[in-house]
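# Coordinate analysis (summary)
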Amino acid sequence: MENNNKNFIIFLVVSFLLLVGWLQLQLWLWPPKPRPPKAEPSAEVQTEPKKEPLREKPAKTDLAQERVAWAAQDVARITRQAARPQPIRRTLILGTDSDNLKAILDSRGAAVRSVVLNKFQQADEHGRPVWKKDPEGNLLRDERGNKVPLPLELVRGDLNHDAGSYLLFHFDPERKGHDPLPTLGQINWALVEPEKIEPGQVVRRAVFTTEIDGVRITKTYTLQPGDYHIGLEVQLERLPGPGADQPRPFRYQLTSAHGLRTEGEWYTYVLRNALVGWRDTKRDLFLRSLEEAQRISHRLGGDPVEVVENDKELRWAGVAVQYFASMVVVDDEQEDQNFLARARATLEGAAMKGRIKSVAADGQSFVLLGRDGAEYTFRLGPPLAGLESIREAMGLGGLREGLNIAVLYTFNEYDQRIATAFRPEEATEPLFYNDIVARVATKPIELKAGAPVRHKYLLYNGPVKVRLLGQLEGDKAVAPELVDRYENRLRLSAMTDYHSPGWLGEFSDKIYFTAILIKATNLMHGVLWGLHRYIMPWSWGLCIIMLTVLVRGLMFPISRKQALTSIRMQELAPELKKLQEKYKNDRQALGMAQMELYRKHGVNPLGSCWLLLLQMPIFLGLYYALQESIHFRLAPFWPWIENLAAPDMLFWWTDQIPWISRPADYGSVFYLGPYFNLLPVLAVALMILQQSLLAPPAMDEQQAMQLRLMKYMMVIFGLMFYKVAAGLCIYFIASSLWGFAERKLLPKRKPAPGAPSTPDQGGFLQRLRERLEASRVAPPSPAPAAGGPARGDAVPAAVSAG
């Protein structure tokens, strides 16, 4: 068992070193792209470097003046559009509280303002469950006195109020390869169905329409009770008029949802990721790309996925957080499914730390000197209009030069940074506020009069691990054919069941390790669900313990063989030492002599590696299962554990401890978060105790140093895994306790021939008592003779005994 622990720790150390080395190698081989140079603001329209929310290609320096002219044209176009009679801004609710989904639609841009998953409870930024409250702030309870969970608002309405999700923009044919026009995202679309919105009315279908540049555009939203997607149909129709009989090319861009709610910010390894899935038509493979929000923010946009000579078919794109995703999916139930030409992720909002360099005289804009030494101009959004509101929002003495702050901001249609909130600098981690969106653009569409073109999408909003929808029961149950459609026909399974990015992931895929790991992860999902459904329906934590016993029980013959090999190796230690002394100057002869000794006694020194290889997929499968599972999310266990998929969070020790819990220190090696977690401490303590009690005594100083090093490494691992899920810690603890019991079933190590026999040391309590007695202070010795040590001087026991 001790070799098992050593191999496991060696595996973790090597994995950590490989990860760190690979990250550094990536930075050396592929350094981040430099930020584009800034363009001087114009007197007509003040613009800043494009972060490309609407851009088709990165801006070039020589296009700066042309972009200013385009922005001026856009202002004139929107002004003319606004001068026409405009529909009033209206909102309506799609679906009911009993449906799987409920959405709020907004006629401004014909957008989706909010998406609520009614069958899942909301978690806060610390990963704790959120409950419904009345207007006075008191918890609401049902007829049984239980707290009422607050449904999960996946797409946050507060982050979609001004610029909603699933916006549609059209391209000017004279600006090939550049920005689409922002007009359609700013105007109010006409709501033609339903004509009237009555209080309490159940809306299953909503139709918005508008006209621009001789084209009527219609967006139709539909929602069925059992679905985890909103149906979206985009219809393009050429309007009658001069030249209507001639084909006209038309292209549009559709955005995904943005403002997805993140939870457990201080411990999660997944904040927001952009995902794009497509089919490689030449190799008939389904591929997927993943980019983190941090990378998209640093590079001012993600890498585009483009169709070149019909080499691929774009299938879906969107944003995912740890447990849920919001995707724009091409509907597979339409004749033409290959109408998308490009997909790309862009930055929608972020946070920036710095010092205010100057404030405009009217108080409506300011210049921030960022931590990178560059200057950034911010305009004030509607919530911050006016100096008085700024003073109230900040609570920092007002907006003034020399103030160190963190600015939360978003972008307008011209990529100007719009400040939406201010926060203290030391209490802000910018990574938590990186909001991204995925954008898909169509191929040129030839519109003809009387021949409307329709594109159908599924706006999926649900678990990232779509196959887990098939494990929901009761009022949460999902039709099996719908789960199969999500997982296999639409290939949304690739959001999780796919190899890691980079060459290492490609290599793992080629040697089939990725396929084995996916199978192991899905097996862990299935076994845990089966244990919960048929044996332990009241506790997911007990299911983890039962899974640990099941796995370790099945692997007991292998681990027993490994332990016996370890015992035989220890028995051969004196013989090995003799061989080392005999062949100390001939390493080749020493190796041959050692192999002959192993062969003679039937020992395979490499036999323990097989157990490590067998355990690796199981351990990693369980790790990923806990990271993906919507069942463990917010599942309680024991009095203080409210979320098995999060750290146990025994008590709050504040977020103001330097290097340990301040948000500004997030990402450092010593950052542990604002909570004290007990389970990781217990897991590491059990591992150290197991090593101390079960490891054989050191034969020499080198082995003693190795044992001490292993203890130090376990403490380091305790820091590294301090924020892992409580469910995984329960697995570690149960596995260590199993190791204690398993060791008792193995034979004792025989003493080496000729070695003095050692008396039985008894159990752990007996050995502990003997150590305490041995450490007691010796009784005082007789008074010293003349010339001896003065009173009060320390007298070694060995000297006083003489």
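Summary of the structure given here.

Conventions adopted
- Residue positions within a chain follow its written sequence, with the count starting from 1.
- Given that this is a predicted model, residues contribute local features only at a pLDDT of at least 70 and side-chain atom pairs are listed and counted only at 80 or more, while totals for whole chains, interfaces and linings are drawn from all residues.
- Note: side-chain values were computed over all heavy atoms of the structure, leaving out hydrogens and water.
- Any two strands are treated as partners once DSSP identifies two or more bridges connecting them.
- We count a stretch as a helix when DSSP gives it H or I for four or more residues in a row; a strand needs E for two or more, and each element gets its number in order from the N terminus.
- Lines are fitted to the C-alpha atoms to define the axes, a helix being fitted only along its stretch in contact, and any angle between axes, read from their N-to-C directions, falls within 0 to 180 degrees.
- Pairs were defined over the aromatic rings of Phe, Tyr and Trp, the Trp ring being its six-membered one, requiring ring centres within 6.5 Å. Orientation was assigned from the angle between planes: stacked under 30 degrees, edge-to-face over 60, tilted for the rest.
- Comment: the charge-over-ring label is applied if NZ (Lys) or CZ (Arg) is within 6 Å of the ring centre and within 35 degrees of the ring normal.
- Multiplying one less than the number of residues by 1.5 Å gives the expected span of a helix.
- A 1.4 Å probe rolled over the protein chains alone gives each residue an accessible area, and that area as a share of the maximum for its type sets the label: buried under 20%, exposed over 50%, partly exposed in between.
- Directions drawn from the helix axis to the C-beta atoms are what define this arc.
- Polar contact is the term for a pair of N or O atoms within 3.5 Å; when the atoms are in protein, one must be able to donate a hydrogen and the other to accept it, and sequence-neighboring residues count only if both atoms are side-chain atoms.
- A side-chain nitrogen of Lys or Arg and a carboxyl oxygen of Asp or Glu constitute a salt bridge if their distance falls within 4 Å.
- Note on angle classes: values under 35 degrees are labelled roughly parallel, values over 145 roughly antiparallel, values of 65 to 115 roughly perpendicular, and the remainder oblique.
- The handedness criterion is simple: a crossing whose near helix is rotated anticlockwise from the far helix by less than a right angle is left-handed, and one whose near helix is rotated clockwise is right-handed.
- Whether two residues touch is decided by their heavy atoms; if any such pair falls within 4.5 Å, the residues are in contact.
- Three residue categories are used. Nonpolar comprises Ala, Val, Leu, Ile, Met, Phe, Trp, Tyr, Cys and Pro, charged comprises Asp, Glu, Lys and Arg, and polar comprises the others, including Gly.
- Only buried residues count toward a nonpolar core, which is a set of Ala, Val, Leu, Ile, Met, Phe, Trp, Tyr and Cys residues joined through side-chain atoms within 4.5 Å.
- Patch definition: residues with relative accessible area over 30% and no salt bridge; like charges joined within 9 Å; nonpolar side chains (Val, Leu, Ile, Met, Phe, Trp, Tyr) joined within 5 Å.
- Here, Shrake-Rupley sampling with a 1.4 Å probe gives the accessible areas, and only protein chains in the shown set may cover a residue.

## Observations concerning the sheet that holds strand S2 (residues 101-106)
Pairing is antiparallel in the open sheet, where 4 strands are placed in the order S1-S2-S3-S4. The sheet is open, and its two borders are formed by strand S1 (91-94) and strand S4 (151-155), each paired with just one other strand. Averaged over all neighbouring strand pairs, the angle between strand axes comes to 20 degrees, with direction disregarded. Bridge count between S2 and strand S3 (residues 111-121): 6 bridges; the pairing is antiparallel. Bridge pairing in S3 links Leu101 to Leu117.

## So, the packing of aromatic side chains
A full pass over the atoms with the stated rule returns 23 aromatic pairs. Measuring from ring centre to ring centre gives 5.2 Å for Trp266 and Tyr267, while their planes differ by 80 degrees; the resulting arrangement is edge-to-face. Ring pairing ties together the aromatic residues Phe366, Phe378, Tyr409, Phe411 and Phe422, which thus form one cluster. Across the ring face of Trp189, the terminal group of Lys219 is positioned such that the distance to the ring centre comes to 5.7 Å. Above the plane of the ring of Phe171 lies Arg251, whose end atom (NZ or CZ) is 4.3 Å from the centre.

## Overview of helix H8 (residues 540-554)
In an α-helix, one turn spans 3.6 residues; hence positions three or four apart end up facing the same way. Taking 1.5 Å of rise per residue, the 15 residues of H8 would be expected to cover 21 Å, and the 21 Å separating its terminal C-alpha atoms lies within 8% of that figure. Residues Trp540, Gly541, Cys543, Ile544, Leu547, Thr548, Val551 and Arg552 constitute the buried set of H8. All buried residues of H8 lie within an arc of 160 degrees about the axis, which places them on one face of the element. Backbone nitrogen of Gly541 and a side-chain oxygen of the N-cap are separated by 3.4 Å at the start of H8; the cap is Ser539.

## Some points on the pattern of salt bridges
Throughout the structure, instances matching the rule amount to 36 salt bridges. Residue Arg315 is joined to Glu313 by a salt bridge in which the shortest nitrogen-to-oxygen separation is 2.6 Å. Each of the two residues, Arg315 as well as Glu313, counts as buried. Salt bridges sharing partners connect three or more residues here, namely Asp331, Asp332, Glu333, Arg485 and Arg489.

## A word on the packing of H8 against helix H15 (residues 726-744)
A packed helix pair is summarised by two numbers, namely the angle formed by the two axes and the spacing between the axes. The geometry of H8 relative to H15 is characterised by a closest axis approach of 9 Å and an angle of 40 degrees between their N-to-C directions. In terms of axis orientation, H8 runs oblique to H15. As for the relative orientation of H8 and H15, their crossing is right-handed in sense. Residues Gly541, Ile544, Ile545, Thr548, Val549, Arg552 and Gly553 of H8 pack against Gly727, Ile730, Tyr731, Ala734, Ser735, Trp738 and Glu742 of H15. A class-by-class count of the residues in the contact of H8 with H15 yields 7 nonpolar, 5 polar and 2 charged.

## As for the nonpolar core
When a protein is soluble and globular, its nonpolar side chains tend to lie buried together. Formed by 142 residues in total, the largest nonpolar core has its most connected members in Ile217, Tyr221, Phe366, Tyr457, Tyr460 and Met495. Residues Tyr267, Phe432, Ala646 and Tyr666 belong to the second largest nonpolar core, which totals 9 residues.

## Focus: the sheet that holds strand S6 (residues 190-193)
Pairing is antiparallel in the open sheet, where 9 strands are placed in the order S6-S7-S8-S9-S24-S16-S15-S12-S13. Among the strands making up the open sheet, the edge pair consists of S6 and strand S13 (285-292). Ignoring strand direction, the axes of neighbouring strands in this sheet form an average angle of 20 degrees.

## Considering a nonpolar patch on the surface
Among the surface-exposed residues, Trp503, Leu504, Phe507 and Ile511 lie close enough to one another that they form a single nonpolar patch of about 420 Å² accessible area. The topology assignment puts Trp503 in helix H6 (residues 503-510).

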